[in-house]
Amino acid sequence: MADGGEDPGQVPPARPLDAIDRDILRLLQTDGRASIRSVADRVHVSRANAYARINRLIDDGVIRGFSARVNHERAGQGASAYITLKIVQNSWRTVREQLQALPGATHIALVSGDFDVLLLVHTPDNRSLRELVLTRIQAIPEVLSTRTLLVFEETDLAPGPDRPTELG
């Protein structure tokens, strides 16, 4: 379910990644805008091989997409919070669908422990955050309780030139 919600019974088994696949993934995590040519050059394969490998990684669901890392404060989303939810047993899929539709929801995880769901949201301000929690999330019938943890500061740990990644 970590990949966005597919049922495990419907996902084909993962193919093993070789060293070149892992190198391609590291490069694309660092720079999702890298050209096929630069990827091919950096992993020492032909452009056709790099293109085929990237397409296979996409088709296999290893690469789920390409996106920009956003500074939410600069983008007008000055309030961020992790919201923990306790939900009715066996209601994960229903709750997930409703949470995905929320404005500002950027990450949803089914977790173990004292709560069931961890939700990361970014809103324009605390008033918007309050409205999101009190009128939207707590109105979901399967949500039993919530706890909101304000984020005071964030550090993006996404792979970059100064940060090694562990793949394989």
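- Looking at an unreviewed UniProt entry, one finds the protein chain named Lrp/AsnC family transcriptional regulator and attributed to Streptomyces sp. 900116325.

**Remarks on unusual backbone geometry**
- With phi around 65°, His-44 is a residue other than glycine that occupies positive phi space.
- Mapped onto the elements of the fold, His-44 is located in the loop between helix H2 (36–43) and helix H3 (47–59).
- Assessed through its relative accessible area of 71%, His-44 is described here as exposed.
- For Asn-90, which is not glycine, the phi torsion reads 65° and is therefore positive.
- The residue Asn-90 is located in the loop between strand E1 (79–87) and helix H4 (92–100) in this model.

**Describing the environment of Ala-75**
- Mapped onto the fold, Ala-75 is located in the loop between H3 and E1.
- Separated by 49 residues in the primary sequence, Ala-75 and Pro-124 have C-alpha atoms spaced 8.8 Å apart.

**Here's the deal with the nonpolar core**
- Counting residues in hydrophobic clusters, the biggest one holds 17 residues, and the most contacted among them are Ile-83, Leu-85, Ile-87, Leu-99, Leu-119, Val-121 and Ile-137.
- Looking at this core, the elements that each hand over two or more residues are E1, H4, strand E3 (117–123) and helix H5 (126–137).
- Counting 13 residues, the second largest nonpolar core, distinct from the first, contains Leu-28, Ala-34, Val-45 and Ala-50.

**Overview of the pairing of E3**
- Within E3, 6 of the 7 residues are buried, leaving the element largely enclosed by the surrounding structure.
- With 7 bridges joining them, E1 and E3 adopt antiparallel strand pairing. When the sheet's bridge partners are listed, Tyr-82 is paired in E3 with Leu-120.
- Both strand E2 (residues 105–110) and E3 contribute to a ladder of 5 bridges, which runs antiparallel. When the sheet's bridge partners are listed, Ala-105 is paired in E3 with Val-121.
- Linking E2 back to E3 in an antiparallel pair, the connection comprises 6 residues, with Gly-113 at a positive phi of about 120°.

**Considering the pairing of E1**
- Burial analysis of E1 places 7 of its 9 residues in the buried class, which makes it a mostly covered element.
- The sheet contact formed by E1 and strand E4 (residues 143–151) spans 8 bridges and is antiparallel. From the neighbouring strand, Tyr-82 faces E4, where its bridge partner is Leu-149.

**Thoughts on the packing of H2 against H3**
- With their axes 8 Å apart at the nearest point, H2 and H3 run at an angle of 105° to one another. As summarised for this structure, H2 and H3 are arranged roughly perpendicular, according to the angle between their axes. In this structure, H2 uses Ile-36, Arg-37, Val-39 and Ala-40 to contact H3, whose residues at the interface are Arg-47, Ala-50, Tyr-51 and Ile-54.
- Its residues placed into classes, the contact of H2 with H3 shows 6 nonpolar, no polar and 2 charged.

The rules behind each value
Residues numbered from 1 in each chain as written. Predicted model: local features only at pLDDT ≥ 70, side-chain atom pairs only at ≥ 80, totals over all residues. Heavy atoms only, no water. Helix = DSSP H or I, 4+ residues; strand = E, 2+ residues; numbered from the N terminus. Buried < 20%, exposed > 50% of the residue type's maximum accessible area, 1.4 Å probe, protein only. Core = buried A, V, L, I, M, F, W, Y, C linked by side-chain atoms within 4.5 Å. Pairing = 2+ DSSP bridges. Axes fitted to C-alpha atoms, helices over the stretch in contact; angles between N-to-C directions. Parallel < 35°, antiparallel > 145°, perpendicular 65-115°, else oblique. Contact = heavy atoms within 4.5 Å. Nonpolar A, V, L, I, M, F, W, Y, C, P; charged D, E, K, R; others polar.

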